[in-house]
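Structure assessment
Each chain is listed here by its residues.
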Amino acid sequence: MKTINQEEVQKYIDQFANEPVYIHLETTNGAYAKHFDKTAHNVGAYIRNAQIKYERGKIIKSDDFDTYRVGLKTGGWVYAEGLTDYEFNDEGQLLLAGHDQQGRLMVALQISPKPFRM
Amino acid sequence: MDYSQHKHVVIIYPHPDDESFGTSGTILNFREAGVPVTYLCGTLGEMGRNMGSPFFANRETLPEIRKQELIDACNVLDMNLEMLGYRDKTVEFESRDDIAQRLKQFIVDLGATLVITFYPPYAVHPDHNAMGAAAFEAVKGIEPENRPELWATAIINNRNEVLGEPDIVVDTESVFEKKLEAIKAHRSQAEGMLSKMRESSDFIGEYESALQRLQFESFYRIDVDELDE
Ligand SMILES: [Zn+2]
């Protein structure tokens, strides 16, 4: 993956608009958050291979950091923040992820024309 | 301990790297004594957060990368490998009975005289606890006269308060070079830990610092008839 290029990513987001796509959406602070910090608790959610269709999608740069937010307008909304890196892979999938200083994944939003591998 | 008294050791954990961090020294001791060891690895750690440091994997490439790392580590440890094909973070939502049935079949077919797994619910990660619970159930499902020994790994911080001193403590110093090699085979997962270790104030060299942290592997001996439930 490489650092997000806003225009590039916007182009890919536009490309998937108004057609059925599969998404992977995830956020986590890790399975050991509480193990290392008693006051923390483990938080995570993910959805893989939900099919959606969005009429408009947008990537926006945050004001203070080099992170990005993405919103996809469906009948409802799909939203992710803290995104830092992207890749458009050989399978035609747009992968967006937010990594911390140690390179650990904290959030991911991925869009694919076909189901993600299980 | 006389490692050669065992005929076959079966390791049951959910993630690639569980075996190397927690049990590889013990595995190496069994292998040196000529005892075959088989790892039943539940998942490919598909949902892992560590992507390498600096990161080189992504959510979609991670499974293949971790699969190769697992194969490499098992080669270092000279251990057989069976990948069970469950998915990271979801083991607890599968049918425990079904998993236990599969595990039991492996244990019986391999003629295991010792099974090593996680100690539920003292193993922190939900997959660890679910895999351990299924392994306990599998062993319990074998008629007492054919039952293998069962050792379990607890990793909660206050394990000694809750469970008492571990029954078995293995000193891995004599095989530690290989243990470190097995850990490093899990490049995507180990790099973060190793670089954190290098930056810590008490760092005294990679081998020495790793030895300080990972020299001893400890297990609780489980009698499945004594478990409540
Ligand atoms: Zn694990």
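1. Concerning the sheet that holds strand β5 (residues 149–153) of chain B
Residues and elements named next belong to chain B. Judged by pairing direction, the sheet is mixed, and its 7 strands sit side by side in the order β3-β2-β1-β4-β5-β7-β6 without closing on themselves. This sheet does not close on itself; its edge strands, each paired only once, are β3 (80–83) and β6 (168–171). For this sheet, the mean inter-axis angle between neighbouring strands, taken without regard to orientation, is 25°. The pairing of strand β1 (residues 9–13) with strand β4 (residues 114–118) spans 4 bridges and is classified as parallel.

2. Focus: the interface of chain B and chain A
Each side of the interface is counted separately: chain B has 20 residues, and chain A has 24 residues. There are 2 salt bridges connecting chain B and chain A. Put simply, R59 of chain B and E26 of chain A hold a salt bridge, and the shortest N to O gap is 2.6 Å. When its residues are assigned to classes, the side of chain B that touches chain A shows 6 nonpolar, 8 polar and 6 charged.

3. With respect to the nonpolar core
All names here are of chain B. Residues I12, L103, I107, V115 and I222 are the most contacted members of the largest nonpolar core, which totals 27 residues. Looking at this core, the elements with two or more residues in it are β1, α3 (96–110), α4 (126–140) and β5. For this core, the element with the highest residue contribution is α4, accounting for 7 residues. In contact with I222, not counting residues within four places along its chain, are Y119, F136, L150, A152 and L227. Counting residues in each nonpolar core, the second largest holds 26 residues, with F30, V35, W151 and V175 among its members.

Parameters at a glance
- Residues numbered from 1 in each chain as written.
- Chains lettered and ligands numbered in written order.
- Predicted model: local features only at pLDDT ≥ 70, side-chain atom pairs only at ≥ 80, totals over all residues.
- Heavy atoms only, no water.
- Pairing = 2+ DSSP bridges.
- Helix = DSSP H or I, 4+ residues; strand = E, 2+ residues; numbered from the N terminus.
- Axes fitted to C-alpha atoms, helices over the stretch in contact; angles between N-to-C directions.
- Contact = heavy atoms within 4.5 Å.
- Salt bridge = Lys/Arg side-chain N within 4 Å of Asp/Glu carboxyl O.
- Nonpolar A, V, L, I, M, F, W, Y, C, P; charged D, E, K, R; others polar.
- Core = buried A, V, L, I, M, F, W, Y, C linked by side-chain atoms within 4.5 Å.
- Buried < 20%, exposed > 50% of the residue type's maximum accessible area, 1.4 Å probe, protein only.

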